[in-house]
Amino acid sequence: MLLAGGTGVVTQELLKDALKYGKCFVRNGNTANYIPELQRVNKYQLGICAVGFDGDLPEVVEVGDSRVPFTIQSISKIISLILAVRDRGPDYLFHDKVGVEPTGDPFNSIVKLETKSRPFNPFINAGAIAVASCINGTSADEKFDRFLELTRKLCNNKEISLNESVYQSEKETGDRNRALAYYLKASGVLEGDVEECLDLYFRMCSVSVTALDIANLSAVLANQGKCPFSKEMLIEPHSAKAIRALMLTCGMYDGSGEFAMSVGFPAKSGVGGGIAVPLVGRMGIGVFGPSLDEKGNSIGGIKMLEFLSEKLDYQLF
Ligand code: GLN
């Protein structure tokens, strides 16, 4: 049993009920079809994990496919942002490189690049590619190693590694991201070599995680940047706060407003089927469900979170 702030209680039973509810909706969606390796995944998988840190020791509750590996995809945009803000400072990053406003457009949209001097926010592809170009390191390898090291710490899992076949698949089919990156280079936003930056971006998206890993990452964000297990400060508190705010307004792409109304939690999704949810001062939630809606968000995942938001006493609104 996971005590969440004394009043709202997440139990194995509650998560089981959430899973049962979420499963009713999975058939209505599909795996991401624009990345061949993701399309092949079994869309009927669904799992959820919560890591609470109210007491001395963090507590973990999980059900379903919470230990099944999937690729982190856009949830990596949180981790690359932590690194870039650390390397360049928030003023430079959020002023010169990306904005902090929602777009209302799909995550891979190109349409606003020509009318604005920088991408709208760091959680759309254009913004994340610009952010990736600001990560310090002498090569894509060195930059990716820094990303992987931080990911392992945030997820409390030293085994996390790259899914080579998804990486190759993304690289082969990522022409839209290539178009975004070259446009950003032409407009002076992307720093350094375009292909090296794209290679880093594709690799960061292709790191393999589980819902448990994502729940741990979310718990760090919810705990103002401190790992509830090691007690190590992993994210600067100002970054953790900025990221949670961006998750609320931009984390579910052009479905962020609807998600805020139906669930009301800060969240970041990825087309691998993951959703990260930090509930400040209480717990981190990680979801895995690769059946996606038309906006690229996990259908079963959203429904499980809707169910939990009804049952928990954690309300932002
Ligand atoms: N790798 C994916 C892409 O660049 C990430 C997108 C996502 O998860 N929304 O298209």
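Here the structure is shown first, and the text comes after it.
My aim in this report is to walk through the structure given alongside it, one point at a time.

Quick notes on the rules
- Residues numbered from 1 in each chain as written.
- Predicted model: local features only at pLDDT ≥ 70, side-chain atom pairs only at ≥ 80, totals over all residues.
- Heavy atoms only, no water.
- Core = buried A, V, L, I, M, F, W, Y, C linked by side-chain atoms within 4.5 Å.
- Buried < 20%, exposed > 50% of the residue type's maximum accessible area, 1.4 Å probe, protein only.
- Helix = DSSP H or I, 4+ residues; strand = E, 2+ residues; numbered from the N terminus.
- Contact = heavy atoms within 4.5 Å.
- Pairing = 2+ DSSP bridges.
- Axes fitted to C-alpha atoms, helices over the stretch in contact; angles between N-to-C directions.
- Parallel < 35°, antiparallel > 145°, perpendicular 65-115°, else oblique.
- Left-handed = near helix turned anticlockwise from the far one by under 90°.
- Salt bridge = Lys/Arg side-chain N within 4 Å of Asp/Glu carboxyl O.

## Examining the nonpolar core
Okay, so step 1: Counting 67 residues, the largest nonpolar core has Ile129 and Leu154 as its most contacted members.
Okay, so step 2: Of all the elements, helix 10 (residues 211-222) adds the most residues to this core, at 9 residues.
Okay, so step 3: Once residues within four sequence positions are removed from consideration, Ile129 is found in contact with Asn177, Leu180, Ala181, Leu184, Leu190, Cys197, Leu198 and Tyr201.
Okay, so step 4: Counting residues in hydrophobic clusters, the runner-up holds 29 residues, among them Val10, Leu46, Met283 and Leu312.

## Observations regarding the sheet that holds strand 10 (residues 283-288)
Okay, so step 1: Taken in spatial order, the 5 strands make up an open sheet running 4-3-10-9-8, and their pairing is antiparallel. The sheet is open, and its two edges are formed by strand 4 (59-64) and strand 8 (268-269), each paired on a single side.
Okay, so step 2: When strand 3 (residues 47-52) meets strand 10, the two strands line up antiparallel, connected through 6 bridges. Along strand 10, the bridge assignment pairs Gly47 with Phe288.
Okay, so step 3: Of the strands in this sheet, strand 3 and strand 4 are in contact with helix 1 (residues 12-23), which crosses strand 4 at around 30°.
Okay, so step 4: The strands that helix 13 (residues 299-311) touches are strand 3, strand 9 (274-279) and strand 10; relative to strand 10, the one it contacts most, it runs at about 145°.

## With respect to the environment of Gly251
Okay, so step 1: With respect to the helices, strands and loops of the structure, Gly251 is situated in the loop between helix 11 (237-250) and helix 12 (256-262).
Okay, so step 2: Among the residues examined, Gly251 registers a relative accessible area of 0% and is labelled buried.
Okay, so step 3: Through-space distance from the C-alpha of Gly251 to that of Asp175 is 23 Å; in sequence the pair is 76 residues apart.

## A short note on the sheet that holds strand 7 (residues 207-209)
Okay, so step 1: The antiparallel open sheet is built from 3 strands, whose spatial order is 5-7-6. Here the strands that pair on one side only, and so sit at the sheet edges, are strand 5 (70-71) and strand 6 (161-162).
Okay, so step 2: The pairing of strand 5 with strand 7 spans 2 bridges and is classified as antiparallel. Bridged to Phe70 within strand 7 is Val209.

## Section: the packing of helix 5 (residues 125-132) against helix 9 (residues 194-205)
Okay, so step 1: Contact geometry for helix 5 and helix 9: axes closest at 9 Å, N-to-C directions at 115°. By the angle between their axes, helix 5 is roughly perpendicular relative to helix 9. The way helix 5 lies across helix 9 gives a crossing that is right-handed. Contacts between helix 5 and helix 9 involve Asn125, Ala128, Ile129 and Ala132 from the first element and Cys197, Leu198, Leu200, Tyr201 and Met204 from the second.

## Examining the pattern of salt bridges
Okay, so step 1: Scanning the entire structure with this criterion turns up 16 salt bridges.
Okay, so step 2: Residue Glu191 is joined to Arg88 by a salt bridge in which the shortest nitrogen-to-oxygen separation is 2.8 Å. Of this pair, Glu191 sits in the loop between helix 8 (175-186) and helix 9 while Arg88 is found in helix 3 (residues 76-88), placing the two residues 103 residues apart along the sequence.
Okay, so step 3: Three or more residues are tied together by salt bridges with common partners; here these are Asp141, Lys171, Asp199 and Arg203.

Note that every value here comes from positions in space, so none of it alone points to a role or purpose.
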